[in-house]
Number of protein chains: 2
Amino acid sequence: MNQQLELIGQQAKAAEAFMRSLKTQKKNDVLLFAADGLVKSTRMIIEENQLDVEAGRKKGMHEGLIDRLMLTPERIEAMADGLRSVAALEDPIGEVTGMKQRPNGLLIGQKRVPLGVIGMIYEARPNVTADAFGLCFKTGNVVILKGGSDAVHSNKAIVTCLQMALEHFGIPPFAIQLIEDTSREVTQEFMRMNRYVDVLIPRGGAGLIRTVVNNSTIPVIETGTGNCHIYVDESADFEMAANIIFNAKTQRIGVCNACESLVVHENIIGDFLPYLKFRLDPKNVELRGDDMARQVLPMITPASEEDWGCEYLDYILSVKTVSSLEEAIDHINRYHTGHSDAIITRDYEHAQRFLDEVDAAAVYVNASTRFTDGYEFGFGAEIGISTQKLHARGPMGLQALTSTKYIIYGNGQIRK
Amino acid sequence: MNQQLELIGQQAKAAEAFMRSLKTQKKNDVLLFAADGLVKSTRMIIEENQLDVEAGRKKGMHEGLIDRLMLTPERIEAMADGLRSVAALEDPIGEVTGMKQRPNGLLIGQKRVPLGVIGMIYEARPNVTADAFGLCFKTGNVVILKGGSDAVHSNKAIVTCLQMALEHFGIPPFAIQLIEDTSREVTQEFMRMNRYVDVLIPRGGAGLIRTVVNNSTIPVIETGTGNCHIYVDESADFEMAANIIFNAKTQRIGVCNACESLVVHENIIGDFLPYLKFRLDPKNVELRGDDMARQVLPMITPASEEDWGCEYLDYILSVKTVSSLEEAIDHINRYHTGHSDAIITRDYEHAQRFLDEVDAAAVYVNASTRFTDGYEFGFGAEIGISTQKLHARGPMGLQALTSTKYIIYGNGQIRK
């Protein structure tokens, strides 16, 4: 194995035991101190960030990406506020649940503990560096970061600040480490460091996530892609439906909980689609419809098979016509990514069946899919939105970064 | 992809939606009917099993393995009883927890749902076939089985019986499928069927589990290997310690919760080790000790570095001397497999620190590690013992085979 990686792994493991016994009060003190440290280092961080921004410009990086990469005093203040708000959250570590006495007198319960060492692979957004540290540190985890090569100077500067805060409190600085070599080979090796890393969380676009899922031997928490559907049932209130679709499609287009596909009952499409189009037109949303949708609105683009499975992240919405609730559910379960889907209906039984039968992390009745979010769900923080079924599903707060262990109190019991 | 596998995957997905809406009463009826069906088919199953046994004998299979492979009327009755006892367990599916009203009026809760399609890879124990079906079916999951090539006739016979029970109730028989082609290539492809399979559970020896972990792109629940330690603290009651060690080492040697390594405080090793040896001698347990242990008992084998990390599954026990609780905890965390470890002590603070700092699925004070087991923990069933930290850790009962989804009741909410 790459020597640098091996060393990072060993240092992470060494820090893990220390982290396991950190008390909540100390963790909060560190987070608040680190937040102040980031703000005090604003000038240094921005200087380093400028190196990344200039390099990005030189290689012709898209302005949108440059914007994501660039740090300003306000953005550094926002990172610091992120750490402060994590400090204010309840610490999930240490809670013991389900403690029960067995017939033989053994007392058995489950205690919430850190996962251990968390690997994070992400792209060129330096704010993820501080976010990931805050969430992992609060839950007693060690974190190893592999950020994008385009943000390497920014990430180094931020990690240095955070490590200084750790050292100030006598905590091993290796509780957060950055893999500075962002080459493909090192990343591949990182994804196979099962000896040192307990779980890998990729954060970024669909391509990054697929690469990690296909190459990692470490357990992965898959986050993210969302081909979210809204089904407008025969009994839907048109105004409510149009409001929700307008919100879910246009409030923010580049996010995983935006609506990408509309499914409409054939008995109302003739009336509803023109009504909806009028509502969406100010935002220039392009509709792509099946044959029946195009009979209603001949000017719209025909949808291809590919459209049904597409996460546009753009002002585009596909429109599928169905003749029943069953057909709607089948269509959604076939083409969605299992993120968030909604039904708009006034029919009690349809609402319940949709909730039961649509197989997604979040299923809504009469609300916008945009609510799938750790903050909106009341977790106070979010590490990502899991679209897998193992370990965590849906928005992940602090608890998703924990595990449990059984603790057993005996007085000499042996098994018969 | 292999056409047979592709077909199996498609059939599994088709059955998944059906399984999702199966009611508890019907699932129980099917399990009871299938149990009776197995018993009624005893003759057919044993005839098929004989083909496997004869083939095994012909290729010189070890008698211990032949014994694991062989089915008798009693063993088939035991399989049926297994299905009956799963029928009697509470159904975890459908429970809604944590439902709360958000400030905007959204009502958000988490509903327990099946994982979906579970892949199971195991060796030549045909009883796993019926067990896996029972647990997966009760939790509304579809299961795809890949058993060992040595048991292929037995597995086919059992699966046929189970499918007949499903068909009797109008349930798609593809809710349980067996991959009959047990070649290496097909197994490799199976481990990459992310499109169709939600989770893979390997059951068998360390080699099988490592192969699955290293090759699967599907999320894996790692079960099993156990290098369990018992630490005899300075303040331990010798009689209790010897009883527990005798039980944990000799009650059943081939199991993952058996004790493989002893850690003893240096202040008591001179008195304790001879006392223990006297207790273990009737079972001919071989002790392998470090220098200090060999100063006490010069006749015992010297332990090498390899011994500390070894899961013997035999009448062998390594003995490590330590000068403090800290050293004991460090040694255990370094060499164990994170399965089950115990401290024998009368010291309150040492007990608590051991529970806090040993990083294992189950940590004991003053009890045998042999209790790490779904039945002993009161789950009524066990699909395996997870030694990973993601999703499930420790003995896994029915709940480990489930996921959750957020269900959200709104009345027109949009995100601001």
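What you see is a predicted model, and the numbers here were worked out from it, not measured in a lab.

1. Thoughts on empty space enclosed by the protein
One simple way to see leftover space: roll a probe sized like a water molecule over the atoms.
(1) Moving on: Inspection of the entire model under this criterion finds 2 cavities of 30 Å³ or more.
(2) Moving on: Roughly 60 Å³ of internal volume is contained in the largest cavity.
(3) Moving on: Lining the largest cavity are E16, R20, V113, P114, G116, G140 and K405 of chain A together with V358, D359 and K389 of chain B.
(4) Moving on: For the lining of the largest cavity, the residue count by class is 3 nonpolar, 2 polar and 5 charged.
(5) Moving on: In this structure, the second largest cavity occupies an estimated 50 Å³ of space.
(6) Moving on: Around the second largest cavity sit D359 and K389 of chain A together with E16, R20, V113, P114, L115, G116 and K405 of chain B, which together line it.
(7) Moving on: Looking at the lining of the second largest cavity, the elements that each hand over two or more residues are α1 (3-20) and β2 (107-114) of chain B.
(8) Moving on: In the lining of the second largest cavity, the residues fall into 3 nonpolar, 1 polar and 5 charged.

2. Looking at the sheet that holds strand β10 (residues 301-302) of chain B
(1) Moving on: Reading across the sheet, the 10 strands line up as β1(A)-β2(A)-β16(A)-β13(B)-β12(B)-β7(B)-β8(B)-β11(B)-β9(B)-β10(B) and stay open at both edges, with mixed pairing between neighbours. Taken across any chain shown, the strands that pair with only one partner, and hence form the sheet edges, are β1 (96-101) of chain A together with β10 of chain B.
(2) Moving on: For strand β12 (residues 340-344) of chain B and strand β13 (residues 362-367) of chain B, the ladder comprises 4 bridges, and the chain directions are parallel. The residue bridging I343 of chain B from the neighbouring strand is V365 of chain B, located in β13 of chain B.
(3) Moving on: In the packing of helix α10 (residues 238-250) of chain B onto the sheet, the strands contacted are β16 (402-413) of chain A together with β7 (228-232), β8 (259-265), β11 (316-322), β12 and β13 of chain B, and the crossing angle to β7 of chain B comes to about 170°.
(4) Moving on: Where helix α11 (residues 266-280) of chain B meets the sheet, its contacts fall on β7, β8, β9 (286-289) and β11 of chain B, and the angle it forms with β8 of chain B comes to roughly 145°.

3. A few points about the interface of chain B and chain A
(1) Moving on: The interface is formed by 73 residues belonging to chain B together with 73 residues belonging to chain A.
(2) Moving on: Across the chain B to chain A interface the summed buried area is about 5700 Å²; carbon plus sulfur atoms make up 51%.
(3) Moving on: When residues of chain B are sorted by the area they lose upon contact with chain A, L390, Y406 and R415 of chain B head the list and together hold 15% of the total.
(4) Moving on: The interface formed by chain B and chain A holds 10 salt bridges in total.
(5) Moving on: A salt bridge links R415 of chain A to D373 of chain B; the nearest nitrogen and oxygen atoms lie 3.5 Å apart.
(6) Moving on: Inspection of the chain B/chain A interface yields 49 residue pairs in polar contact (both at pLDDT 80 or more).
(7) Moving on: Among the elements of the structure, α1, β2, α9 (206-215), α10, α15 (348-357), β13, β15 (394-396) and β16 (402-413) of chain B are those that each provide at least two residues to the side of chain B that touches chain A.
(8) Moving on: Ranked by the residues each element gives to the side of chain B that touches chain A, the list is headed by β16 of chain B, at 11 residues.
(9) Moving on: In terms of residue class, the side of chain B that touches chain A is made up of 32 nonpolar, 24 polar and 17 charged.
(10) Moving on: Bridge analysis of strand β13 (residues 362-367) of chain A against β16 of chain B gives 5 bridges, and the strand direction is parallel. Its bridge partner lying in β16 of chain B, Y364 of chain A is registered against I408 of chain B.

4. A short note on the sheet that holds strand β5 (residues 176-178) of chain A
All names here are of chain A.
(1) Moving on: On the basis of which strands lie adjacent, the open sheet formed by 4 strands has the order β5-β4-β3-β6 and parallel pairing. Here the strands that pair on one side only, and so sit at the sheet edges, are β5 and β6 (199-203). The sheet shows a mean angle of 20° between the axes of neighbouring strands, taken without regard to direction.
(2) Moving on: For strand β3 (residues 117-122) and strand β4 (residues 142-146), the ladder comprises 5 bridges, and the chain directions are parallel. Residue pairing in the sheet places G119 in a bridge with I144 of β4.
(3) Moving on: Helix α1 (residues 3-20) rests against β3, β4 and β5 of the sheet, and its axis sits at about 150° to β4.
(4) Moving on: In this fold helix α9 (residues 206-215) packs onto β3 and β6, with an angle of close to 160° to the strand it touches most, β6.

5. What about α11 of chain B?
All names here are of chain B.
(1) Moving on: Helix length check: α11 (15 residues) gives 20 Å between terminal C-alpha atoms against 21 Å at 1.5 Å per residue, within 8%.
(2) Moving on: If you look at α11, its biggest bend is around 40°, right at F272, and the proline P274 turns up within four residues after that.
(3) Moving on: Looking at α11, one finds that the buried residues are I268, I269, F272, L273, L276, K277 and L280.
(4) Moving on: Elements that come into contact with the buried residues of α11 comprise β7, α10, β8, β9, α12 (291-296) and β11.

6. Quick look at unusual backbone geometry
Where the residue is not glycine, phi is negative for most of them; where a peptide bond is considered, it is trans in most cases.
(1) Moving on: Even without glycine at this site, N284 of chain A takes up a positive phi of about 50°.
(2) Moving on: Assignment of secondary structure puts N284 of chain A in the loop between α11 (266-280) and β9 (286-289).

7. Notes on the pairing of strand β2 (residues 107-114) of chain A
Residues and elements named next belong to chain A.
(1) Moving on: Burial of β2 is extensive: 6 of the 8 residues sit out of reach of the surface.
(2) Moving on: Relative to β2, β1 is paired through 4 bridges, and the arrangement is antiparallel. Paired with T97 across the two strands is Q110, which belongs to β2.
(3) Moving on: Hairpin connection from β1 to β2: 5 residues lie between these consecutive antiparallel strands, with G105 at a positive phi of about 95°.
(4) Moving on: Inspection of the sheet shows β2 paired to β16 by 8 bridges, in the antiparallel sense. Within β16, the position partnered with Q110 by the bridge is Y406.

8. Quick notes on the environment of S318 of chain B
(1) Moving on: Position of S318 of chain B relative to the elements: it lies in strand β11.
(2) Moving on: Side chain to side chain, S318 of chain B and S261 of chain B meet in a polar contact 2.7 Å long.

9. Focus on the relation of the copies chain B and chain A
(1) Moving on: When chain B is brought onto chain A, the operation consists of a screw motion whose angular component is 180° and whose axial shift is 0.0 Å, with 0.0 Å RMSD remaining. What the superposition gives is, in effect, a two-fold axis relating one chain to the other. Nearest to the rotation axis, the C-alpha of H391 of chain B is located 1.8 Å from it, this being the minimum over chain B.

10. Thoughts on the packing of aromatic side chains
For any pair of aromatic rings, geometry is given as the distance between the ring centres together with the angle between the planes.
All names here are of chain A.
(1) Moving on: The final tally for this structure, using the stated rule, is 18 aromatic pairs over all chains.
(2) Moving on: Arranged with centres 5.2 Å apart and planes meeting at 25°, the rings of F133 and F137 form a pair that is stacked. Here F137 and F133 lie together in helix α6 (residues 127-138), a separation of 4 residues that amounts to about one turn. For the pair formed by F133 and F137, the shared burial category is buried.
(3) Moving on: Judged by centre distance (5.9 Å) and plane angle (45°), the ring pair of F238 and Y275 falls under tilted. Of this pair, F238 sits in helix α10 (residues 238-250) while Y275 sits in helix α11, placing them 37 residues apart in sequence.
(4) Moving on: Taking relative accessible area as the criterion, F238 reaches 23% and is therefore assigned partly exposed.
(5) Moving on: Ring pairs connect the aromatic residues F238, F272 and Y275, which therefore count as one cluster.
(6) Moving on: The ring of F246 carries R279 above its face, with NZ or CZ at 4.3 Å from the centroid.

Parameters at a glance
- Residues numbered from 1 in each chain as written.
- Chains lettered and ligands numbered in written order.
- Predicted model: local features only at pLDDT ≥ 70, side-chain atom pairs only at ≥ 80, totals over all residues.
- Heavy atoms only, no water.
- 1 Å grid on protein atoms, 1.4 Å probe; cavity = no way out; pocket = protein on both sides within 12 Å on 5 of 7 lines; lining within 4 Å.
- Points joined across faces, edges and corners; volume = space filled by probe spheres on them.
- Nonpolar A, V, L, I, M, F, W, Y, C, P; charged D, E, K, R; others polar.
- Helix = DSSP H or I, 4+ residues; strand = E, 2+ residues; numbered from the N terminus.
- Pairing = 2+ DSSP bridges.
- Contact = heavy atoms within 4.5 Å.
- Axes fitted to C-alpha atoms, helices over the stretch in contact; angles between N-to-C directions.
- Buried area = accessible area lost by both parts, 1.4 Å probe.
- Salt bridge = Lys/Arg side-chain N within 4 Å of Asp/Glu carboxyl O.
- Polar contact = N/O pair within 3.5 Å; in protein donor to acceptor, adjacent residues only side chain to side chain.
- Expected span 1.5 Å × (residues − 1).
- Bend = angle between axes of the 7 residues up to and from the residue.
- Buried < 20%, exposed > 50% of the residue type's maximum accessible area, 1.4 Å probe, protein only.
- Least-squares fit on C-alpha atoms with pLDDT ≥ 70 in both.
- Phe/Tyr/Trp six-rings, centres within 6.5 Å; stacked < 30°, edge-to-face > 60°.
- Lys NZ or Arg CZ within 6 Å of the ring centre and 35° of its normal.

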